[in-house]
Amino acid sequence: MVVFFLIVLGSLSFVSGTSAEPIDVFANSLSLDRGTQLHGSNGTLIYRGGLVLTSPDTRFGGLSGLVISSDGAELVSVSDRGWWLQARLGYDLYGNLDSINVGELTPMLPLDAQSDEGSVWLDAEALVHLPNGDFVVAFERPHRLWQYSGTNGIARSLRVASILTGLSHNRGIEALAMLDDERLIAIAESGPSASAMSGWIFGATQSESFSYPYDGYFRPSDAVRMDDCRVLVLERGYNERRGVAGRLMLLDSVTITAGARLRPRKFVELGAPIPLDNFEALAVRRDPRGALLVYLLSDDNYSPRQRTLLLMFEFVEME
């Protein structure tokens, strides 16, 4: 049995906890024309602004998982070294992403409220915002899901660790999303065979497994509920021969069932002129016109050879 969460309606709110610390985050706009389009077999991504994020604070970076408030003003992310990042986003008169402000870092508290567990223990890889306002975070090394009432809250364990014991040490849950108002899905970047990744549906009283296809290169790195019928999955690929790549895939929610082998459809492959990096985080929201906006965030792995990119696109489907 999996003891999970109570679902009620709620919203993201930027509230500073007592342990939050201000952090300088600088944003440089990408030299790419807004309105640039990436065409795919099922539609188009229209570039609506992008930022290269930097900070003199050595704690900044390694970001995985992303939540954007419904109005686009607030951002929450988690890092590979056990930090919450909160920030406010700014937009121009046309609704294009153009700035980041009021950055704060808060240590992720483990079960006993002590924040000195070490960066390996607090390697956060995925984040989802529940309708009741809580967050669920997926950690790896060791693999587990913890629930937080807020960025200043103490972790509460979701009893799923025994289900995740078969995952590879550094290839745990990377994609975490709401399937509906009562169930959560999780997809790992390792699995039972050379052609399948492990996935689960977590409900209030039980968990069920499914598999996600693996082609030997692309692995799921995040997911988000797009609407009542579909889930959007971010996949990233990397090896020395092919380098880095990324793509967005679509899943029909009704096909995500116990024992299923999922068949995602490619929406669009990321690439030139859009810059590529280690995209590990995905979020969506609707603007006042009803257009679907997609946010991508990259994990720089605390490496000077990589960047923290925050990109926003308009998602336009083929009619």
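Reading the values: rules and limits
- Residues numbered from 1 in each chain as written.
- Predicted model: local features only at pLDDT ≥ 70, side-chain atom pairs only at ≥ 80, totals over all residues.
- Heavy atoms only, no water.
- Buried < 20%, exposed > 50% of the residue type's maximum accessible area, 1.4 Å probe, protein only.
- Helix = DSSP H or I, 4+ residues; strand = E, 2+ residues; numbered from the N terminus.
- Pairing = 2+ DSSP bridges.
- Core = buried A, V, L, I, M, F, W, Y, C linked by side-chain atoms within 4.5 Å.
- Contact = heavy atoms within 4.5 Å.
- Axes fitted to C-alpha atoms, helices over the stretch in contact; angles between N-to-C directions.
- Salt bridge = Lys/Arg side-chain N within 4 Å of Asp/Glu carboxyl O.
- Phe/Tyr/Trp six-rings, centres within 6.5 Å; stacked < 30°, edge-to-face > 60°.
- Lys NZ or Arg CZ within 6 Å of the ring centre and 35° of its normal.

K.L.:
How would you sum up the pairing of strand E9 (residues 123–129)? Please name residues and give values.
P.N.:
The element E9 is extensively covered by neighbouring structure, given that seven of its seven residues are classed as buried. Pairing between E9 and strand E10 (residues 135–140): six bridges, direction antiparallel. By the bridge assignment, Asp-123 is partnered in E10 with Glu-140.

K.L.:
Any chance you could break down the nonpolar core for me, citing the residues and the numbers?
P.N.:
Ranked by size, the top nonpolar core spans 26 residues in total, and within it Leu-45, Leu-232, Leu-248, Leu-296 and Phe-315 carry the most contacts. Of all elements in the fold, only strand E4 (43–54), strand E18 (230–239), strand E19 (243–252), strand E20 (265–270), strand E21 (279–286), strand E22 (292–298) and strand E23 (308–317) reach the threshold of two or more residues within this core. Dropping the residues within four chain positions of it, Leu-45 is found in contact with Thr-36, Gln-37, Leu-38, Leu-248, Phe-267, Val-268, Leu-270, Phe-313, Glu-314 and Phe-315. Within the second largest apolar cluster, 23 residues are counted, among which are Ile-23, Leu-97, Ala-281 and Ala-283.

K.L.:
Could you give an account of unusual backbone geometry, naming the residues involved and the relevant values?
P.N.:
Omega for the bond connecting Ala-272 with Pro-273 falls within 30 degrees of zero, at 5°, which places this linkage in the cis form. At Val-102, a residue that is not glycine, the phi angle is positive and equals roughly 50°. With respect to the helices and strands, the residue Val-102 is situated in strand E8 (residues 97–107). Its relative accessible area of 47% is what places Val-102 among the partly exposed residues. Phi angles above zero are rare outside glycine, and Tyr-302 is one such case at about 55°.

K.L.:
An account of the sheet that holds strand E12 (residues 156–158) is requested, with residue identities and associated values reported.
P.N.:
Sheet architecture is open: four strands sit in the order E9-E10-E11-E12, paired in antiparallel fashion. In this open sheet, the two strands that pair with only one neighbour each are E9 and E12. Pairwise comparison of adjacent strand axes, ignoring direction, gives a mean angle of 30° for this sheet. Across five bridges, E10 lies against strand E11 (residues 144–148) in antiparallel orientation. Looking at the pairing, Phe-135 lines up with Tyr-148 of E11.

K.L.:
Account for the sheet that holds strand E14 (residues 184–188), with residues named and values stated.
P.N.:
Sheet architecture is open: four strands sit in the order E13-E14-E15-E16, paired in antiparallel fashion. Looking at the sheet topology across the chains shown, the edges are occupied by strand E13 (173–178) and strand E16 (207–213). When strand polarity is set aside, the average angle formed by the axes of neighbouring strands in this sheet is 20°. As judged from the five bridges shared by E13 and E14, these two strands associate in the antiparallel manner.

K.L.:
So what's going on with the pattern of salt bridges? Which residues, and what values?
P.N.:
One side chain can pair with another of opposite charge once the charged atoms of both are near each other. Taken as a whole and judged by the stated rule, the model has 20 salt bridges. Between Asp-57 and Arg-59 there is a salt bridge; the shortest N-O distance is 2.8 Å. The shortest N-O distance in the salt bridge between Asp-228 and Arg-225 comes to 3.0 Å. We classify Asp-228 as exposed; its relative accessible area is 62%. Taken together, the shared-partner salt bridges connect Arg-48, Asp-287, Arg-289 and Glu-314 into one network.

K.L.:
Go over the packing of aromatic side chains, please, and point to the residues and values.
P.N.:
Within the structure shown, the criterion is met by seven aromatic pairs. Ring geometry for Tyr-217 against Phe-218: centres 4.9 Å apart, planes inclined by 75°, an arrangement best described as edge-to-face. For Phe-218, a relative accessible area of 4% corresponds to the buried category. Taken together through their ring pairs, the aromatic side chains of Trp-84, Phe-135 and Tyr-148 make up a single cluster. Above the ring of Tyr-302, the side-chain terminus of Arg-81 is found at 3.7 Å from the ring centroid. Here Arg-144 stacks its cationic end above the ring of Trp-146, 4.3 Å away from the centre of that ring.

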